[in-house]
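Geometric and topological summary
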Amino acid sequence: MPVRYILKQLLLPPGLFLLLLALAWWLRRRRPRLAAVCFTLGFGGFWLISLPLVVEWSARALETVPALERGEWAGLAQRADAIVVLGSGRERGDSAWGSDQPTGIGLERQRYAARLAKASGLPVLTSGGLHYGTPPSEAAVMAESMRDDFGVTVRWLEERSTTTWENAQFSHELLAPLGIKRVVVVTHAAHMPRAVWSFEQAGFSVVPAPVGFLGRDNASPLGGWMPEFKAIWRSGQLINEAVGQVGYRLFY
């Protein structure tokens, strides 16, 4: 497993809050005041990211690209030459299927891309490399699922990328020699600003097709002020995206 992945898991919530709680326990006798601060930050941070309302507010700040109107789907072939679906990892060896499968996030993207492809007639590229360092690639897993589950045959597989930046660069290497420089990019709404920026930097003209919006009424008890386990996972994804948007502009 890459060191950068381990560091990211430790330094971003919820890993960061676990480290603060562990540090509070370690310092509880030697530095009780500092331990109290670490405990407050760790526990308070966990509480905040567990609130559906915080997820809703955070998503609204990140989801700056509007959804495609359904009336636009059929006309996408006038605005683009291909659909690119971005990978999101893979689930390992599900016994029910006997093979690796797309993640829930990936299936959401694939379903939307399949609808767009059927409405517009545009060909599809799936983009994603070796999530665990071993075959199959994310692109191959998605392509198989799109064929079997959604009835769409993927034309191209980009199987080398491990980041959004590489999704864009390696997709360009595949498509540019074919004269394809206008693409519909399908990914989640919070991830879309970073994806659009990366694909434009690679040389594409982009039609964004975001899916999976979280910045809406959370429909949770007490308006979202009650902690929920699902909110912790979603908050982690949104924090990762916020850091990624800043980091990409600094390092790329």
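Residues numbered from 1 in each chain as written. Predicted model: local features only at pLDDT ≥ 70, side-chain atom pairs only at ≥ 80, totals over all residues. Heavy atoms only, no water.

1. A few points about a nonpolar patch on the surface
For clarity, the threshold we go by: Patch building starts from residues that exceed 30% relative accessible area and form no salt bridge, then joins like charges within 9 Å and nonpolar side chains (Val, Leu, Ile, Met, Phe, Trp, Tyr) within 5 Å. Only the protein chains shown count as cover for residues, and the accessible areas themselves come from Shrake-Rupley with a 1.4 Å probe. Here, a salt bridge means any Lys or Arg side-chain nitrogen found within 4 Å of an Asp or Glu carboxyl oxygen. The way it works is that DSSP assigns letters per residue, a run of H or I at least four long becomes a helix, a run of E at least two long becomes a strand, and they are numbered from the N terminus. A simple rule labels every residue: compare its accessible area, found with a 1.4 Å probe on the protein chains alone, to the largest value its type can have, and call it buried under 20%, exposed over 50%, or partly exposed in between.
A cluster of nonpolar residues, Phe 39, Phe 43, Trp 47, Leu 48, Trp 57, Leu 222, Trp 225 and Met 226, forms a patch on the protein surface that exposes about 920 Å² of accessible area. The element contributing the most residues to the nonpolar patch is helix 3 (residues 32–49), with 4 residues. With respect to the helices, strands and loops of the structure, Trp 47 is situated in helix 3. Here Trp 47 falls in the partly exposed class, since its relative accessible area comes to 40%.

2. Observations regarding the environment of Ile 239
Convention followed: Should any heavy atoms of two residues lie within 4.5 Å, those residues are counted as being in contact.
Positionally, Ile 239 belongs in helix 9 (residues 229–251). Relative accessible area serves as the criterion here: at 24%, Ile 239 is assigned to the partly exposed category. Distance from Ile 239 to Leu 62, taken between C-alpha atoms, is 9.7 Å for residues 177 residues apart in sequence. Setting aside chain neighbours within four positions, we find Ile 239 in contact with Leu 12, Pro 13 and Ile 49.

3. Observations concerning the side chain of Glu 56
For Glu 56, the location among the structural elements is in helix 4 (residues 52–62). The residues contacting Glu 56, other than those within four sequence positions of it, are Leu 214, Gly 215, Arg 216, Asp 217 and Asn 218.

4. Regarding a positive patch on the surface
Basically, it comes down to this: Charged residues are defined narrowly, with Lys and Arg counted positive, Asp and Glu counted negative, and His plus the chain ends left uncounted. Working definition for charges: the position is that of NZ of Lys, CZ of Arg, CG of Asp or CD of Glu.
Together, Arg 70, Arg 111, Arg 115 and Lys 118 line one region of the surface with positive charge. Mapped onto the elements of the fold, Arg 70 is located in the loop between helix 4 and strand 1 (82–86). Residue Arg 70 is classed as exposed on the basis of its relative accessible area, which comes to 59%.

5. Observations concerning the pairing of strand 3 (residues 99–102)
Residues in a regular strand point their side chains to alternate faces of the sheet. Heads up, the condition is: Strand pairing follows a simple DSSP-based rule, namely that at least 2 bridges must link the two strands.
Where strand 2 (residues 90–94) lies against strand 3, 3 bridges are found, and the strand directions are antiparallel. Its bridge partner lying in strand 3, Asp 94 is registered against Ser 99. The turn linking strand 2 back onto strand 3 is made up of 4 residues, and Gly 98 within it adopts a positive phi angle of 80°.

6. A few points about the packing of aromatic side chains
Which entries qualify depends on this criterion: Note on ring pairs: Phe, Tyr and Trp rings are taken, using the six-membered ring of Trp, and paired if centres are within 6.5 Å. Classes follow the plane angle, with under 30 degrees stacked, over 60 edge-to-face and the rest tilted. Whether a charge sits over a ring comes down to the Lys NZ or Arg CZ being within 6 Å of the ring centre and within 35 degrees of the ring normal.
Summed over the entire model, instances satisfying the criterion amount to 8 aromatic pairs. With centroids separated by 4.4 Å and ring planes inclined at 5°, the aromatic side chains of Trp 165 and Tyr 252 adopt a geometry described as stacked. Highlighted residues: Trp 165 in helix 7 (residues 164–175) and Tyr 252 in the segment after helix 9, separated in sequence by 87 residues. According to the relative accessible area criterion, Tyr 252 is partly exposed, its value standing at 41%. Where Tyr 248 meets Tyr 252, the ring centres are 4.8 Å apart and the plane angle is 75°; that geometry is what we call edge-to-face. Here Tyr 248 falls in the buried class, since its relative accessible area comes to 9%. Joined through ring pairs, the aromatic side chains of Trp 165, Trp 197, Tyr 248 and Tyr 252 make up one cluster. The ring of Trp 26 carries Arg 30 above its face, with NZ or CZ at 4.2 Å from the centroid.

7. Section: the packing of helix 8 (residues 192–202) against helix 9
Put simply, the test is: For every element, the axis is a line fit to its C-alpha atoms; helices are fit only across the contacting stretch, and the angle between N-to-C directions ranges from 0 to 180 degrees. Angles are sorted into four bins: roughly parallel if under 35 degrees, roughly antiparallel if over 145, roughly perpendicular if 65 to 115, and oblique for all others. For any pair of crossing helices, the crossing counts as left-handed if the nearer helix is rotated counterclockwise from the farther one by less than a right angle, and right-handed if it is rotated clockwise. Asp, Glu, Lys and Arg are counted as charged, while Ala, Val, Leu, Ile, Met, Phe, Trp, Tyr, Cys and Pro are counted as nonpolar; the rest, among them Gly, fall into the polar class.
At their nearest, the axes of helix 8 and helix 9 sit 9 Å apart, and the two run at 25° to each other. On the basis of their axis angle, the class for helix 8 and helix 9 is roughly parallel. In the packing of helix 8 onto helix 9, the handedness of the crossing is left-handed. Judged by residue contacts, Pro 193, Arg 194, Trp 197 and Ser 198 of helix 8 engage Asn 240, Glu 241, Gly 244, Gln 245, Tyr 248 and Arg 249 from helix 9. The residue makeup of the contact of helix 8 with helix 9, split by class, is 3 nonpolar, 4 polar and 3 charged.

8. Thoughts on the packing of helix 7 against helix 8
Contact pair helix 7 / helix 8: the axes reach a minimum separation of 8 Å and the direction vectors enclose 35°. Helix-helix and strand crossings are classified by hand; for helix 7 and helix 8 the assignment is right-handed. Within the contact between the two elements, helix 7 uses Thr 164, Trp 165, Asn 167, Ala 168, Gln 169, Ser 171 and His 172 and helix 8 uses Arg 194, Ala 195, Trp 197, Ser 198, Phe 199, Gln 201 and Ala 202. In terms of residue class, the contact of helix 7 with helix 8 is made up of 6 nonpolar, 7 polar and 1 charged.

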